[in-house]
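# Chains, contacts and geometry: an overview
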Amino acid sequence: MSMSGIGAPVRRKEDFRFITGKGHYTDDINRPGQAHAVFLRSPHAHATINRIDASAALKMPGVLAVFTGDDLAADKVGGLICGWMIHSKDGSPMKAGAHPALAQGKVRYVGDHVAVVIADTYAQAREAAEKIVVDYTVLPAVTDMNAAVKPGAPVVHDVASDNTVYNWHLGDKAATDAAFAKAKHVTKLDIVNNRLVPNAMEPRAAVGDYDFGADSFTLYTTSQNPHVARLVLSAFIGIAPEHKLRVIAPDVGGGFGSKIFIYAEETVCVWASKKVGRPVKWTADRTEAFLADAHGRDHITHAELALDDKGKILGLRVNTKANLGAYLSTFSSSVPTYLYAPLLSGQYDIPAIYAEVDGIYTTTAPVDAYRGAGRPEATFVVERLMEVAAREIGVDPAQFRKKNFVTKFPHQTPVIMCYDAGDYNASLEKALEMADYKNVGKRKRESAKKGLLRGVGISAYIEACGIAPSAAVGSLGAGVGLWESAEVRVNPIGTVEILTGSHSHGQGHETTFAQLVSSRLGVPIDNVSIVHGDTDKVQMGMGTYGSRSGAVGMSAIVKALDKIEAKAKKVAAYVLEASDADIEFKDGKFSVKGTDKSVDFPSVALQAYIAHKFNGQDLEPGLKESAFWDPTNFTFPAGVHICELEIDPQTGVTRIDRWTAVDDFGEIINPMIVEGQVHGGIAQGIGQALCEGAVYNKDGQLLTASYMDYTMPRADDVPSYNVGMTQTRCPSNPLGIKGCGEAGAIAAPPAVVNALTDALGHENVPMPATPHAVWRAAQSTIAKQAAE
Amino acid sequence: MPVVSMTVNGKAVSADVDPRTLLVQYLRENLRLTGTHVGCDTSQCGACVVHVNGAAIKSCTALAVALEGANVTTIEGLAQGGKLHPMQEAFRENHGLQCGFCTPGMIMSAVDIVNRKGNKLEEKLIREELEGNICRCTGYHNIVKAISAGAEAMGG
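Note that this is a predicted model, so its numbers are computed, not measured. (Residues numbered from 1 in each chain as written. Chains lettered and ligands numbered in written order. Predicted model: local features only at pLDDT ≥ 70, side-chain atom pairs only at ≥ 80, totals over all residues.)

### Comments concerning the overall build of chain A
Where we set the bar: Secondary structure follows DSSP: runs of H or I at least 4 residues long count as helices, runs of E at least 2 residues long count as strands, and numbering of each begins at the N terminus. We compute the radius of gyration over the C-alpha atoms and compare it with the globule rule, which gives 2.2 Å times the number of residues raised to the power 0.38. Residues with at least 20 neighbouring C-beta atoms inside 10 Å of their own are called buried, those with 12 or fewer are called exposed, and the rest are partly exposed, where every C-beta is derived from the backbone.
The number of helices and strands found in chain A is 20 helices and 28 strands. Its C-alpha atoms give chain A a radius of gyration of 28 Å, near enough to 28 Å, the size a compact globule of 788 residues would have. Taken along its principal axes, the extent of the C-alpha atoms in chain A is 90 × 75 × 50 Å. Across the 788 residues that make up chain A, the buried fraction comes to 59%.

What follows is the structure, given as structure tokens:
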């Protein structure tokens, strides 16, 4: 392994600009003559709009325009879309209500977009927005899913009179019922997976800029997938054809899913730049991010696990209600369906599974993918059930898992997925060892002496990443293919530019992708640059989400590098006056087999461009290749996380004492970056379990709309993490990579809750397990102990 | 509009500003020092931390007009003579950043912690002192390591 090659913990190339304050985030971009947009948002969760009077706002200093939904409609600007079709059990298509970028006649959640004010300065736009008079008729709100599906509930969209977007199912109901009929033991659990707000630290932002001379638009925006944004803005919303619309996603300050989607604000900014004839900039404040970024999770589930008399799993039955909010966001329909139920087999050999999922409209912010997207919800169901079942039948939870692990690969689950490679025992064994699991009883007694309750919780997660084979997702309803593209441009002096459809917003692609290229071509890592996030530079690509940039994005680079090597060998053959079949390429050098004749990579690059040594009709000059990689399967990262914590029953304060993570991500390019991804995911998972929860009151007001009210995990809420790896190579891509971006957020919540419930001696503690919730739960533990 | 003058990163600066201009707006919009970020509206996240007269403050919570004559250091002014500050080096070396958005505020807070608490910092103290800085990417693990290493390096 070289110092900068595959497997080396290379320090990040992108860091210099970030540690010196020289990053270029969207809000750092200012275009000449730019105006500022402020959105007037609905203060009501549900209301009809009778009239919007902007006359006073238009008279305010600096105001250029006020636009409403009628202006967008008059310009034939289409609504926002949901790009994944889900069909209900009866075969009917999902009921998608219209989603205009600015409300037309009705608002459906607090924060919904009513109008936009554009003015010379931000302060002027904000002041003018306060002068807009909107005549609303307030309608009853419905934020609770069970209430939303009751007869007589307020109807969010007329197209779905029972507020149900779909009644979807997966698996074999008859086989699962039969499994339960012969079960010796059935474990039943009711689960609430709390609603979260993604909270990337950089708020969303957009600058729209129309060029009258070229009749073309440029949109700078905080996107994880600028090409997908351009596709949607062009083909569906109709801002401009793709060749007249450039989308640039510069440095992006975290995404976690929330910056996949195509939202109202960027749509309006780019459209309005032509209307007002000036660039239009908008940057969300944090409360806007809380109100109008797509939220995550928010499931209510009843689940049952059937066991035989030997503790082997016979079947799993799951019924879930998923809150989709007031509108279907870009990929929202897929999250509680195809990103959820196919993971319900966990790491286990389960003969029969049946899952039913109802997608529900409520008068709340749209809910879509947030780090893990469906897979954390599935893992929470499976790993809570496993823990509770083990406790109920009196078996050690680790041993119970082991007994039911999938051990032979490939393994076809009853819910679509075919696991290709893994060694679940290896991860569990290593995690138990690292966590000193065998001595946990001793540590519990020591805690008890101090009046503290200690608990340990295991979570053995699996995820489906490397999203995804295009034909497969197409058959499941996806409106797009999920391949990735790459272009490798070798310059005449042998430096290399990689243009990738993946987008880095914290993942460190500028380093890992360069490590791959450096290893493969034998060029110094500093001679490789990674270009991403600009639709005018990079050919069509699909972007970054679902832990796909390594497994899919880098596979496309490998494919393009294969073509570069093949072409360069032909050039080298001319230079070395040999047959190209006799050329070998190793360590950056082309040589003729069995001779000492060789030429280095930069010299071959130069020869490819000057084209003096070969006939340009026989071999094209130049050294540039592109490739599209379409995966053949999902990848299946898996691992075991173990949380050990102490509760103070007098205060309800939970302190995580140790965290052990053992993950199998397949091959790893940069272990430092991979571990960093694990750390961040765990903190988000701990956040879900202990701190975070988006709360709407019954009127539909978001009570947690700032950092004063929504608890983001701070440094002293989380521990240091003990991270280990096991490795089975992924067989479905050339690098053997499985992906690591979401693992921590998927694994962590059940590990925490299993530890809390172990400490408390009962299963009744909600997420987020705030000190108040834990204190209440601990009181029944204390009462029970006293009674004994 | 009042003219506000101060010293920013060693340079005398002056600008005509709306009296309600916040220090962070003065830095980002008037001086185009965009390394100082805004991540929230409630002085919780710490992405906007700068040093004023040697002490860390949240620049989203100070009016520019209140800082007439102040000596301000931002993330852009931390490296001296083309050489990174030891805390900047420590963040890079320990992978203490991912998306980079909270990083300027983290580094400015970290330097302030060392200035107040010295060069030998316990993990627990670092975690408590970071109460006013939120990071969503790193899970804090490597930030804590970076600050510990940076503190030692600042001691020479």
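Text resumes after the structure shown.
### Things to note about the overall build of chain B
Rules: Residues are scored as being in contact if the C-beta atoms we place from backbone atoms lie within 7 Å.
Assigned secondary structure in chain B consists of five helices and five strands. Helices and strands appear in chain B in the N-to-C order β-β-α-β-β-β-α-α-α-α. Over its C-alpha atoms chain B spans a radius of gyration of 15 Å, differing by no more than 12% from the 15 Å that the globule rule assigns to 156 residues. Contacts in chain B between residues far apart in sequence, at least 24 positions, make up 62% of those at least 6 positions apart.

### Points about the sheet that holds strand S7 (residues 164-171) of chain A
Residues and elements named next belong to chain A. Filter applied, for reference: Here, a strand pair is defined by DSSP locating no fewer than two bridges between the strands. As a rule, the C-alpha atoms of each element are fitted with a line to give its axis, helices using only the stretch in contact, and angles between N-to-C directions run from 0 to 180 degrees.
Taken together, the five strands give an open sheet; going across it, the order is S7-S15-S14-S13-S8, and neighbouring strands pair in mixed fashion. A strand with exactly one partner marks an edge of an open sheet, and here the two such strands are S7 and strand S8 (185-196). Pairwise comparison of adjacent strand axes, ignoring direction, gives a mean angle of 10 degrees for this sheet. Across ten bridges, strand S14 (residues 313-325) lies against strand S15 (residues 352-361) in parallel orientation. For Gly315, the partnering residue across the bridge sits in S15 and is Ala352.

### Details of the interface of chain A and chain B
The condition that has to hold: Residue classes follow a fixed rule: Ala, Val, Leu, Ile, Met, Phe, Trp, Tyr, Cys and Pro count as nonpolar, while Asp, Glu, Lys and Arg count as charged, and any other residue, Gly among them, counts as polar.
On the chain B side, the residues contacting the 43 residues of chain A number 43 residues. Within the residue set of the side of chain A that touches chain B, elements represented by two or more residues are helix H1 (15-19), helix H9 (286-292) and helix H18 (671-691) of chain A. If you tally residues by element for the side of chain A that touches chain B, the top one is H18(A), at seven residues. Among the residues making up the side of chain A that touches chain B, the classes are represented as 18 nonpolar, 14 polar and eleven charged.

### Here we look at the sheet that holds strand S5 (residues 113-119) of chain A
Strand pairing in a sheet relies on backbone hydrogen bonds. The paired strands run either parallel or antiparallel. Residue and element names in this part refer to chain A. Reading across the sheet, the seven strands line up as S3-S5-S1-S12-S9-S10-S11 and stay open at both edges, with mixed pairing between neighbours. A single partner strand is all that each edge strand has here, and the edge strands are strand S3 (63-68) and strand S11 (245-248). The average undirected angle you get between the axes of adjacent strands in this sheet is 20 degrees. Pairing between strand S1 (residues 35-41) and S5: six bridges, direction antiparallel.

### Some points on helix H16 (residues 549-575) of chain A
Residues and elements named next belong to chain A. Keep this limit in mind: In this analysis, the expected span of each helix is defined as 1.5 Å times one less than the number of residues it contains.
With 27 residues, H16 should cover 39 Å at 1.5 Å per step; its first-to-last C-alpha distance of 36 Å lies within 8% of that length. Burial within H16 is extensive, with 19 of its 27 residues counted as buried. Positive backbone phi, approximately 55 degrees, marks Glu577, located one or two places after H16.

### Some remarks on the domain arrangement of chain B
All names here are of chain B. Put simply, the test is: Bear in mind that the domain bounds are from an automatic or database domain assignment.
Along its sequence, chain B is carved into domain 1 (3-77) and domain 2 (86-154). Relative to domain 2, the C-alpha centre of domain 1 lies at a distance of 21 Å. Taken together, the contacts link 15 residues of domain 1 with eleven residues of domain 2. Only strand S3 (49-52) and strand S4 (55-58) provide two or more residues apiece to the side of domain 1 that touches domain 2.

### Quick notes on the domain arrangement of chain A
Residues and elements named next belong to chain A. Structurally, chain A comprises domain 1 (17-139 + 201-254 + 259-292), domain 2 (296-467 + 633-787) and domain 3 (483-629). Its C-alpha centre places domain 1 at a distance of 35 Å from the equivalent point of domain 2. Counting residues at the interface gives 24 residues for domain 1 and 24 residues for domain 2. Each residue belonging to the side of domain 1 that touches domain 2 can be placed in one class, and the counts come to 15 nonpolar, six polar and three charged.

### What about the pairing of strand S28 (residues 721-726) of chain A?
Residues and elements named next belong to chain A. In plain terms, the rule: Look down the strands so they point away from you; if going from the first strand over the helix to the second traces a clockwise path, that crossover is right-handed.
Here strand S27 (residues 653-664) pairs with S28 via six bridges, running parallel. The residue of S28 that forms the bridge with Thr660 is Asn722. Following the chain from S27 across H18 to the adjacent parallel S28, one finds a crossover that is right-handed.

### Quick word on the confidence of the model for chain B
Heads up, the rule is: pLDDT expresses, on a scale from 0 to 100, how confident the predictor is about each individual residue.
When pLDDT is averaged along chain B, the result is 97, and 100% of the positions lie at 70 or above. Reported confidence for the predicted complex is 0.98 by ipTM and 0.98 by pTM.

### Remarks on the environment of Pro750(A)
Residues and elements named next belong to chain A. Structurally, the position occupied by Pro750 is in helix H19 (residues 743-760). Along the sequence, Pro750 and Gly685 sit 65 residues apart, while their C-alpha atoms lie 8.7 Å from each other. Contacts of Pro750, omitting those with residues within four sequence positions, involve Thr379, Phe380, Glu383, Arg384 and Ser459.

### Topic: helix H8 (residues 264-276) of chain A
Residue and element names in this part refer to chain A. Counted at 1.5 Å a residue, the expected span for H8 with its 13 residues is 18 Å, and the 18 Å between its end C-alpha atoms agrees. Within H8, ten of the 13 residues are buried, which leaves the element mostly enclosed by the surrounding structure. Every buried residue of H8 is listed here: Ala264, Glu265, Glu266, Thr267, Val268, Cys269, Val270, Trp271, Ala272 and Ser273. Just downstream of H8, Gly277 is the residue with a positive phi angle, here 70 degrees.

### Let's talk about the pairing of S14(A)
All names here are of chain A. Across the 13 residues of S14, twelve count as buried, placing the element largely inside the fold. Bridge analysis of strand S13 (residues 296-307) against S14 gives nine bridges, and the strand direction is antiparallel. Within the sheet, the bridge partner assigned to His302 lies in S14 and is Asn319. Counting the residues that bridge the hairpin from S13 to S14 gives five residues, and of these Gly311 lies at a positive phi of roughly 80 degrees.

### Let's talk about unusual backbone geometry
All names here are of chain A. At the junction of Phe409 and Pro410, the peptide bond is cis and its omega measures out at -5 degrees in the coordinates. Here Pro410 lies in the loop between helix H11 (397-404) and strand S16 (411-412). Despite not being glycine, Ser547 shows a phi value in the positive range, around 45 degrees. The residue Glu577 is not glycine, and still its phi comes out positive at about 55 degrees.

### Some words on the packing of helix H10 (residues 375-393) of chain A against H19(A)
Residue and element names in this part refer to chain A. Inclusion rule: Any angle from 65 to 115 degrees is called roughly perpendicular, while one under 35 is roughly parallel, one over 145 is roughly antiparallel, and all others are oblique. If you view the pair so one helix is near and one far, a crossing is left-handed when the near helix is turned anticlockwise from the far one by less than a right angle, and right-handed when it is turned clockwise.
Taken N-terminus to C-terminus, the directions of H10 and H19 make an angle of 30 degrees; their axes are 8 Å apart at the nearest point. Looking at the two axes, H10 sits roughly parallel to H19. H10 and H19 meet at a crossing whose hand is right-handed. Where H10 abuts H19, its residues Arg375, Pro376, Thr379, Phe380, Glu383, Arg384 and Glu387 lie against Ala745, Ile746, Ala747, Pro749, Pro750, Val753 and Asn754. A breakdown of the residues in the contact of H10 with H19 according to their chemical character gives eight nonpolar, two polar and four charged.

### A word on the packing of H10(A) against H11(A)
Residues and elements named next belong to chain A. Contact geometry for H10 and H11: axes closest at 9 Å, N-to-C directions at 115 degrees. It follows from the interaxial angle that H10 and H11 lie roughly perpendicular. Read as a crossing pair, H10 and H11 show a hand that is right-handed. Residues Met386, Glu387, Ala389 and Ala390 of H10 touch H11, and the partners they reach there are Pro397, Phe400 and Arg401. Across the contact of H10 with H11, the residue classes tally to five nonpolar, no polar and two charged.

### Observations regarding the environment of Val653(A)
All names here are of chain A. Considering the arrangement of structural elements, one finds Val653 in strand S27. According to the C-beta neighbour criterion, Val653 is partly exposed, with 14 such atoms within 10 Å. When the C-alpha atoms of Val653 and Val774 are compared, they prove to be 7.2 Å apart, with 121 residues separating the residues in sequence. Every residue in contact with Val653, bar those within four places of it in the chain, is listed here: Asp648 and Pro771.

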